[in-house]
Amino acid sequence: KIKFVMCGNGENLEKISQQMRKYKNIIFPGWINAQQINCLMTIASVGLAPYRESISFTHSIPNKFGEYLSAGIPVFTGIKGVMKDLIDSNKCGEYYSSGESLSQSLLKYYKKNNELKVLSNNAKQLYYKSFNSDYVYNQFADYIEDTVKTNYKE
């Protein structure tokens, strides 16, 4: 009953899609547009962020991470670093260290839908306090004004 929709055109797409052909619950639609992404996000329970372990991904937050949060979709990632720290501190997803631990986490939340709803609510809260441009820009503007007032008194 769990389906995986793996979107995009990664460098190993052909190889991976061939290896996964035998699994009927894995779908590879390729590159999809914004409308299709929005449609998928309305039915998704979890967003996978299966990035390669690299300095680029351990020290940054890919757009997909914030996009999942904006829809209240808990993020599951196998990358240590900034994403894992945000997930852990905000309880808005799961870190997995292997395919087996990802499988265990997915089955756990599949069986305990109320716990998944908590992760979803936490994902939305993190989005609004840290990624929503209206809120973040206002907070940043306040910070700049306070800094100027504190450091440049006439």
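Look above for the structure.
Residues numbered from 1 in each chain as written. Predicted model: local features only at pLDDT ≥ 70, side-chain atom pairs only at ≥ 80, totals over all residues. Heavy atoms only, no water.

## Re the packing of helix α6 (residues 99-111) against helix α7 (residues 113-130)
Look at α6 against α7: their axes get within 5 Å of each other, and the N-to-C directions meet at 105 degrees. By the angle class used here, α6 and α7 are roughly perpendicular. For the pair α6 and α7, the contacting residues are Lys108, Tyr109, Tyr110 and Lys111 in the first and Asn113, Glu115, Leu116 and Leu119 in the second. Looking at the contact of α6 with α7 residue by residue, the class counts come to 4 nonpolar, 1 polar and 3 charged. (Axes fitted to C-alpha atoms, helices over the stretch in contact; angles between N-to-C directions. Helix = DSSP H or I, 4+ residues; strand = E, 2+ residues; numbered from the N terminus. Parallel < 35°, antiparallel > 145°, perpendicular 65-115°, else oblique. Contact = heavy atoms within 4.5 Å. Nonpolar A, V, L, I, M, F, W, Y, C, P; charged D, E, K, R; others polar.)

## What to know about the sheet that holds strand β4 (residues 75-77)
The strands that make up a sheet are held in pairs by hydrogen bonds between backbone atoms, and each pair lies either parallel or antiparallel. The strand order across the open sheet built from 3 strands is β3-β4-β5, with neighbouring strands paired in parallel fashion. Looking at which strands have only one partner, the edges of the open sheet turn out to be β3 (47-49) and β5 (93-95). Between one strand axis and the next, the sheet turns by 15 degrees as a mean value, whatever way the strands run. In this structure, β4 lies alongside β5, joined through 3 bridges in parallel fashion. Bridged to threonine 77 within β5 is tyrosine 95. (Pairing = 2+ DSSP bridges.)

## A look at the state of the cysteines
Applying the stated criterion across every chain yields a total of 0 disulfides. Here cysteine 7 stays free of any disulfide, with the sulfur of cysteine 39 as its closest cysteine sulfur at 11 Å. For cysteine 7, a relative accessible area of 39% gives the class partly exposed. (Disulfide = S-S within 2.5 Å. Buried < 20%, exposed > 50% of the residue type's maximum accessible area, 1.4 Å probe, protein only.)

## As for a nonpolar patch on the surface
Together, Phe140, Tyr143, Ile144, Val148 and Tyr152 give the surface a local cluster of nonpolar side chains, amounting to about 580 Å² of exposed area. Inspection of the secondary structure assignment puts phenylalanine 140 in helix α8 (residues 133-151). (Patch = residues over 30% accessible without salt bridge, like charges linked within 9 Å, V, L, I, M, F, W, Y side chains within 5 Å. Areas by Shrake-Rupley, 256 points an atom, 1.4 Å probe, with all protein chains shown as cover. Salt bridge = Lys/Arg side-chain N within 4 Å of Asp/Glu carboxyl O.)

## What about the packing of helix α4 (residues 63-70) against α7?
Between α4 and α7, the least distance of the axes is 7 Å, while the angle of their chain directions is 115 degrees. Of the two elements, α4 crosses α7, and the hand of that crossing is left-handed. Residues Phe65, Gly66, Leu69 and Ser70 of α4 form the contact with α7, whose participating residues are Ala123, Lys124, Leu126 and Tyr127. Of the residues in the contact of α4 with α7, the class split is 5 nonpolar, 2 polar and 1 charged. (Left-handed = near helix turned anticlockwise from the far one by under 90°.)

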